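What follows is each chain in one-letter form.
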Amino acid sequence: MIMAKSPQEKKALSYAKDRRDAYGANNKASRKGIRRRKRQPNRADRRRESQVLGTALGPAVEAAAEAAESRLQATQPKGVSTLWKKWPDQALADHVENRLLRRVRRGMSDPAVEQARIERIRRGLR
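Quantities reported herein were computed from a predicted structural model and do not represent experimental measurements.

Enquirer: Which parts of the structure should I look at to understand the pattern of salt bridges?
Expert: Once their charged atoms are close, side chains differing in charge can pair, the charge on each being opposite to the other. This model, assessed by the stated rule, comprises 4 salt bridges. Of the charged contacts in the structure, one is a salt bridge between Arg122 and Glu97, with a shortest N-O distance of 2.5 Å. You can see Arg122 sitting in helix H6 (residues 111-125) and its partner Glu97 sitting in helix H5 (residues 92-105), a full 25 residues away along the chain. The class of Arg122 is partly exposed, set by a relative accessible area of 35%. Assessed through its relative accessible area of 16%, Glu97 is described here as buried. Between Arg122 and Glu119 there is a salt bridge, with its nearest N and O atoms 3.7 Å apart. Highlighted residues: Arg122 and Glu119, both in helix H6, separated by 3 residues, approximately one helical turn. Bridged by salt links that share partners, the residues Glu97, Glu119 and Arg122 form one connected network.

Enquirer: Before we go on, may I ask you to explain the nonpolar core in this structure?
Expert: Nonpolar side chains tend to gather and get buried jointly when the protein is soluble and globular. Grouped together as the largest cluster of nonpolar side chains are 6 residues: Tyr15, Leu92, Ala93, Leu100, Ile118 and Ile121. Counting residues per element, this core draws most heavily on H5, which supplies 3 residues.

Enquirer: Just checking my understanding: could you explain the packing of helix H1 (residues 7-17) against H6 for this structure?
Expert: Between two packed helices, what matters for the description is the angle formed by their axes and the separation of those axes. Where H1 contacts H6, the two axes come as close as 9 Å, and the packing angle between them is 95 degrees. One element, H1, and the other, H6, form an angle in the roughly perpendicular class. For the pair H1 and H6, the contacting residues are Ala12, Tyr15 and Ala16 in the first and Ile121, Gly124 and Leu125 in the second. Grouping the constituent residues of the contact of H1 with H6 by class yields 5 nonpolar, 1 polar and no charged.

Enquirer: Just checking my understanding: could you explain the side chain of Glu114 for this structure?
Expert: Residue position: Glu114 is located in helix H6. Aside from chain neighbours lying at most four places away, what touches Glu114 is Leu100, Arg103, Val104 and Ser109.

Enquirer: What is the right way to read H6 from this model?
Expert: Side chains three or four residues apart in an α-helix point the same way, a direct result of the helix having 3.6 residues per turn. Across its 15 residues, H6 extends 21 Å between first and last C-alpha, which sits within 8% of the 21 Å expected from 1.5 Å per residue. For H6, the full list of buried residues reads Glu114, Ile118 and Ile121. Projected onto a plane normal to the axis of H6, the buried residues spread over an arc of 55 degrees and lie on a single side. Relative to its buried face, H6 has exposed residues pointing more than 90 degrees away, namely Ala112, Arg120 and Arg123. Buried residues in H6 make contact with H1 and H5.

The rules behind these values
Residues numbered from 1 in each chain as written. Predicted model: local features only at pLDDT ≥ 70, side-chain atom pairs only at ≥ 80, totals over all residues. Heavy atoms only, no water. Salt bridge = Lys/Arg side-chain N within 4 Å of Asp/Glu carboxyl O. Helix = DSSP H or I, 4+ residues; strand = E, 2+ residues; numbered from the N terminus. Buried < 20%, exposed > 50% of the residue type's maximum accessible area, 1.4 Å probe, protein only. Core = buried A, V, L, I, M, F, W, Y, C linked by side-chain atoms within 4.5 Å. Axes fitted to C-alpha atoms, helices over the stretch in contact; angles between N-to-C directions. Parallel < 35°, antiparallel > 145°, perpendicular 65-115°, else oblique. Contact = heavy atoms within 4.5 Å. Nonpolar A, V, L, I, M, F, W, Y, C, P; charged D, E, K, R; others polar. Expected span 1.5 Å × (residues − 1). Arc of directions from axis to C-beta.

Right under this line is the structure:
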């Protein structure tokens, strides 16, 4: 028999499993941005290769072909050396806690009240 979850259990699961974008950009922007960041190094590699190989056009000259090949192998592809990495979004409980602390820092709310709310969130996650 499947037992139904209480509203308190549902709320605790929501705080633990739901995520929020902590980067600060529009929440829809990551859908485009992640793809763009993955595409960019591959495009740069293709462009670099076409520019280097473009110098070896014309009649077959072995020296020019070897020089172009050595230049291609001398530089590491950007797709391999990309520094950008994806990271997971922030848990909803952490996000709400940060927002409550921000209210206190800005003088918008009483620190004791917000601390009690934070403790309630943490207690539900245990």
